[in-house]
Amino acid sequence: MTAQRFYITTAIDYPNSVPHMGHAYEKVVADFYARVARLRGIETHFLIGLDEHGQKIQEAADKAGMGPQQFVDDKAAVFRALYEKLGISHDDFIRTSEPRHHQFARDLYERVRDAGDIYKDFYEGEYCISCERFYTISELVDGKCPIHERPTTIIKEESYFFRLGKYRDQVRAHIEAHPEFIHPDERRREILSRLQEEVRDLSISRSTFDWGIPLPDDPAHVLYVWFDALANYYSALLRPRDLTEKFWPADCHVIGKDILWFHTMIWPAILLSAGYELPRQVYVHGFILDKDGRKMAKHLGNVVDPMQVIEDYSVDVLRYYFLRSFSSGKDGKFALADLEERYNSELGNDLGNLILRVAKLVQTRLGGRVRVGDNPEFRERLAPEKTVAAFLAHVDDREHNRALEVVWDYVRAVNTYINDRAPWRLADGEELTSVLAAGVEALRVIAHLTSSAMPEIARSMAATLGFALGPLDALAAPCECEVRPSQPLFPRRESSAPAAVAAAPAAGDGDPFAKLEIRVGHIVEARPHPDADQLFVLSVDLGEGEPRSICAGLRAHLKAEDLSGRAVAVLANLKPAVLRGVPSEGMVLATDRRDGAVVPVDPGAAPIGELITVEGIETQPKKKLSKSHFEKVPLAIEKGVVVYRGRPLRTTVGSLTCDAEDGAPVR
Ligand code: MSP
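Residues numbered from 1 in each chain as written. Predicted model: local features only at pLDDT ≥ 70, side-chain atom pairs only at ≥ 80, totals over all residues. Heavy atoms only, no water.

Counting its secondary structure elements, the chain contains 21 helices and 30 strands. Each principal axis of the C-alpha distribution contributes one length, and for the chain these read about 100 × 55 × 45 Å. Within the chain, buried positions represent 58% of all 667 residues. Restricting to contacts in the chain with at least 6 residues of sequence separation, those with at least 24 account for 74%. About 27700 Å² of surface is accessible on the chain, with carbon and sulfur atoms providing 49% of the total. If the 83 positive side-chain charges of the chain are averaged to one point and the 99 negative ones to another, these points end up 2 Å apart. (Helix = DSSP H or I, 4+ residues; strand = E, 2+ residues; numbered from the N terminus. Buried < 20%, exposed > 50% of the residue type's maximum accessible area, 1.4 Å probe, protein only. Contact = heavy atoms within 4.5 Å. Areas by Shrake-Rupley, 256 points an atom, 1.4 Å probe, with all protein chains shown as cover. Lys, Arg positive; Asp, Glu negative; His and termini not counted. Charge placed at Lys NZ, Arg CZ, Asp CG, Glu CD.)

Okay, here's the thing in structure tokens:
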């Protein structure tokens, strides 16, 4: 994207009922793109709003015993409240009942009429009030609307028509000449194939109800709700301040797949007729389905309320889940168990722990101050250019989930870097400072790249680590960071998970920790390995009758006599190996103590052979566990105890302890 301005819109919602997950999803997706554009320093205008006219709204208002204006005013407050909660950063909110919109919709109708594209006729057809559109018999499924699966009604009335068919070839030519006009390509092909067929003219007025915009030349008719609604993208730019010069044509209309035809055939045809430029892109997202792949619907009892998820987790967790978990353009299942899993692993474990570890070390070891921006260690080991470029390339391709994947690859790389450099093991001095500065600077990059998906989290990161959030251009500027104490940004959730989570598959299922068999052992004897300087050969009693032979890399800091008689935690189902000629049947769990020594973690007075567990996970050990599986299970120190994703490892007498820094990995 090279443009220096960016106008992005979403569909305007029907406020006939309360907003749902689909509405929330679409606004978050559009909000992400708007925020990234601003981050790049591009002048951005982001429009959302409500589609307040039509028969459906009138009927809902009648049912509620209210006038339609009062009805939509009430509903508008509910939609606005959700969008505020969701952190949607729109610049304008259009409601089609506003005078500014009426005025332009009438003008648009007149321009189309003056172009000779409107005539009066009779219309008879199958109408779905929920869709606010006619269907041909062949489009119906079992005689019902294919979207709402409800019977349609035959409507015959006098109506004004728009010569839609006349524009078929022109619109098709435009789509063919501009491959980027409809995204993803799957939707583009769908429309192109439909444009092979005849396109019928469109009835654009109704006279059997009056909740709408009266035609300027025949007020007995109101403008068809779709003609009216599509006009919002332009009407909102005209008033209060005329922004059309700067922002028309729109760069991106974000819509769901059910309203593709309206945006890629009808809207372009209206614009062509009225003499306006066509929007640059229609980006089509998929549908949010329930966890079993069905549409969410009240009568199915499978609706998850976005407000509830925000309350249970936080707004940024929902935003992240939408953007990361649902592939761009595809339908996806909304499953709280899935959200919970991402919360624990990608947010809590990958990102949250990284922030806590780095912040804590900067505070305890550097007195809370660190300078970033001119650190060779960072440039050498964590250079962010490729990450930023890949992130932006995916954004330009409208592949937001991929863009976030790139950021998380970087988060993981930074975690690996910190583990490798093990700052908790370094003595005070230049090396320690530069490793921690590199960590803070990497987090500055991460905060910027996550700020469009998780604006609040990014702000908290900036506040904790003491840097400013600004445009991407300013990212490399040196600054002095003052690191403040931080609360975990993704606190471990107690098992008071919402009902839907509790109903998810049993917690242990699929949890990588379940495959680990960790037992309490006592070291009977420790001797140096005859052939490897780093290793001890331990003889460890696991209560199995015969002690096991286990090689352990503990020789750098401990003596054999420090180990004999000591209680340890042993990964007992690790695939046996032979290390330089000595068999090793398990692994002693160890970590980096505060003083830098690598030492075993301590199970205290727990009985020999006891299984060490994590609450909520049923251990189902694998027979011969690979080292690589174990490495994927993040065990670390938190407040002096060994935890798995924030949950302590337990014996019957307590937890596993070690005097190590928070975040020190246990291996
Ligand atoms: N009012 C019209 C749009 C007019 S645009 C000029 C409309 N409103 S709607 O309230 O029914 O839908 C608003 C948006 O939400 C549409 O883009 C629609 O595709 C989207 N979604 C509605 N349900 C959805 C899901 N279950 N999942 C994702 N988005 C879906 O259509």
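As a further point, take the confidence of the model for the chain. Within the chain, residue pLDDT values average 92, and 97% of them lie at 70 or more. Between residues 495–508, whose pLDDT stays under 50, and residues either more than four places distant or in other chains, the model counts 13 contacts. (pLDDT = per-residue confidence, 0-100.)

Quick look at the pairing of strand 6 (residues 153–162) now. The sheet contact formed by strand 4 (residues 118–128) and strand 6 spans 10 bridges and is antiparallel. Counted as the bridge partner of Lys120 is Tyr160 from strand 6. (Pairing = 2+ DSSP bridges.)

Attention shifts here to the sheet that holds strand 4. Pairing is antiparallel across the open sheet formed by four strands, whose spatial order is 5-4-6-8. Since the sheet does not close on itself, it has two edges, and those belong to strand 5 (133–135) and strand 8 (202–203), each with one partner. Where strand 4 lies against strand 5, three bridges are found, and the strand directions are antiparallel. Among the inter-strand pairings, Tyr127 is bridged to a residue of strand 5, identified as Phe134.

Neighbouring residues of the ligand: 23 residues in total, closest Ile12, Glu26, Asp51, Asp258 and Ile288. A distance of 2.7 Å separates a nitrogen atom of the ligand from a polar atom in the side chain of Asp51. A distance of 2.9 Å separates an oxygen atom of the ligand from a polar atom in the backbone of Gly256. Look at the ligand: alone it shows 660 Å² of surface, and the protein chains cover 92% of it. If you list the elements that add at least two residues to the shell around the ligand, you get helix 1 (21–39), helix 7 (225–230), helix 8 (232–238) and strand 12 (252–256). Classifying every residue of the shell around the ligand gives 11 nonpolar, eight polar and four charged. (Near = heavy atom within 4 Å. Polar contact = N/O pair within 3.5 Å; in protein donor to acceptor, adjacent residues only side chain to side chain. Nonpolar A, V, L, I, M, F, W, Y, C, P; charged D, E, K, R; others polar.)

Viewed as axis vectors pointing N to C, helix 17 (residues 430–450) and helix 18 (residues 455–465) meet at an angle of 155°, and their least axial separation amounts to 8 Å. When the interaxial angle is binned, helix 17 and helix 18 end up roughly antiparallel. The way helix 17 lies across helix 18 gives a crossing that is left-handed. Contacts from Val440, Leu443, Ile446, Ala447 and Thr450 of helix 17 reach helix 18 at Pro455, Ala458, Met461 and Leu465. Here the residues of the contact of helix 17 with helix 18 are counted per class, giving eight nonpolar, one polar and no charged. (Axes fitted to C-alpha atoms, helices over the stretch in contact; angles between N-to-C directions. Parallel < 35°, antiparallel > 145°, perpendicular 65-115°, else oblique. Left-handed = near helix turned anticlockwise from the far one by under 90°.)

Let us now look at the pattern of salt bridges. In this structure the tally under the stated criterion is 55 salt bridges. Salt-bridge contacts for Arg172 lead to Asp169; the nearest nitrogen and oxygen are separated by 3.5 Å. Separated by three residues within a single helix, Arg172 and Asp169 lie in helix 5 (residues 168–177), roughly one turn from each other. On the accessibility criterion, Asp169 (43% relative accessible area) is partly exposed. In the salt-bridge network here, residues are joined through shared partners; they are Glu186, Arg187, Glu190 and Lys330. (Salt bridge = Lys/Arg side-chain N within 4 Å of Asp/Glu carboxyl O.)

Before going further, it helps to examine the packing of aromatic side chains. Enumeration over the complete set of coordinates arrives at 28 aromatic pairs. Centre to centre, the rings of Phe322 and Phe334 are 6.3 Å apart; their planes meet at 65°, and the pair counts as edge-to-face. Within this pair, whereas Phe322 is found in helix 12 (residues 315–325), its partner Phe334 is found in the loop between strand 15 (332–333) and helix 13 (336–366), the two being separated by 12 residues in sequence. The same class applies to Phe322 and to Phe334, which are both buried. Cation over ring: Arg80 sits above Phe93, and NZ or CZ is 4.2 Å from the ring centre. Note that Arg398 overlies the ring of Tyr33, its terminal NZ or CZ placed 4.9 Å from the centroid. (Phe/Tyr/Trp six-rings, centres within 6.5 Å; stacked < 30°, edge-to-face > 60°. Lys NZ or Arg CZ within 6 Å of the ring centre and 35° of its normal.)

In the sheet, strand 18 (residues 518–528) pairs with strand 21 (residues 567–571) via five bridges, with the strands oriented antiparallel. Each residue of the ladder has a partner; that of Ile518, found in strand 21, is Leu571. Alignment of strand 18 against strand 27 (residues 611–614), held across two bridges, turns out to be antiparallel. Of the residues in strand 27, the one forming a bridge with Arg519 is Leu611. Relative to strand 19 (residues 536–541), strand 18 is paired through six bridges, and the arrangement is antiparallel. Each residue of the ladder has a partner; that of Ile523, found in strand 19, is Val540.

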